[in-house]
Amino acid sequence: MRSVLAVNRHLARSPRRLVPIAAIACLLGTFAVMMLTDTAAEIGAIGLAPWIGLIGYELGTAAGLAAAGGAIGLWIIAMEAQGGSLSALTIAIRVAAFVVFAVSSSIVGRRMRESERAHRTQAALQSELIDSTLDGICLTDADGNVLISNAPLRRLSIELGIPVVGTVPDRLLAVARRTTEPERYRTRM
């Protein structure tokens with residue numbers, strides 16, 4: 001059981017690792033496009049901004065600032081290689097914008113992860129509460145399909161051989177033939 005939980009935790013973190021790797025690849029890809037097509041001035045530093053945001057969002061402030069610094073460096077290299085004009089003011093404005101973007105995206109990422117953690121904790125507590133009751137409890141949609149059920153109801157369903165799919169009435173009627181008075185059971189259900 002522990003190994004299954006460890007695998008699930010690893011899989012849950014995997015996308016968080018893939019996004020920054022993809023963002024770095026896209027940042028370098030954008031730089032390559034700028035260099036190959038002589039479009040550093042047209043694309044501008046803004047073409048690198050989404051990747052800074054993703055890195056900051058996923059990895060935090062330090063990584064976002066590092067990505068911002070790297071993006072500015074790549075943009076300056078592309079501009080100089082293509083004979084674009086760079087002034088200290090132009091560079092300062094880009095640096096300031098990227099720093100604000102990196103920091104703000106990292107703050108948003110942290111808050112989103114904290115919110116997700118709080119929601120998971122709340123859901124786990126609610127699940128523990130409903131599972132700790134002795135009575136079987138379920139929540140259904142308007143058609144009678146089970147959306148949520150607690151552990152006692154799931155155990156009882158297994159013990160009685162109640163099907164795991166279908167509406168509640170259909171599930172209950174499915175065991176009628178196992179009762180001593182199937183027709184009476186069907187009528188009461």
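Right, let's walk through the structure included here.

Mapping Ala176 onto the fold places it in the loop between helix 7 (168–173) and helix 8 (182–188). A residue is classified by how much of its surface remains accessible, and Ala176, at 0% relative accessible area, is buried. A C-alpha to C-alpha distance of 10.0 Å links Ala176 and Thr187, two positions 11 residues apart in sequence. When near neighbours in sequence (up to four residues on either side) are disregarded, Ala176 contacts Pro182, Tyr185 and Arg186.

Moving on, we get to a nonpolar patch on the surface. A contiguous nonpolar surface patch, about 190 Å² in accessible area, is contributed by Leu65, Val95 and Val99. Its location among the elements puts Leu65 in helix 4 (residues 61–81). Classification of Leu65 as partly exposed rests on a relative accessible area of 34%.

This part is about the pattern of salt bridges. Per the counting criterion, the structure on display carries 5 salt bridges. Salt-bridge contacts for Arg110 lead to Glu114; the nearest nitrogen and oxygen are separated by 3.7 Å. With Arg110 and Glu114 both in helix 5 (residues 88–131) and 4 residues apart, the pair spans about one turn of that helix. Exposure remark for Arg110: the relative accessible area of 41% places this residue in the partly exposed category. Notably, a salt bridge pairs Arg184 with Glu181, separated by 4.0 Å at the nearest N-O pair. Glu181 sits in the partly exposed class, given a relative accessible area of 42%.

Conventions and cut-offs
- Residues numbered from 1 in each chain as written.
- Predicted model: local features only at pLDDT ≥ 70, side-chain atom pairs only at ≥ 80, totals over all residues.
- Heavy atoms only, no water.
- Helix = DSSP H or I, 4+ residues; strand = E, 2+ residues; numbered from the N terminus.
- Buried < 20%, exposed > 50% of the residue type's maximum accessible area, 1.4 Å probe, protein only.
- Contact = heavy atoms within 4.5 Å.
- Patch = residues over 30% accessible without salt bridge, like charges linked within 9 Å, V, L, I, M, F, W, Y side chains within 5 Å.
- Areas by Shrake-Rupley, 256 points an atom, 1.4 Å probe, with all protein chains shown as cover.
- Salt bridge = Lys/Arg side-chain N within 4 Å of Asp/Glu carboxyl O.

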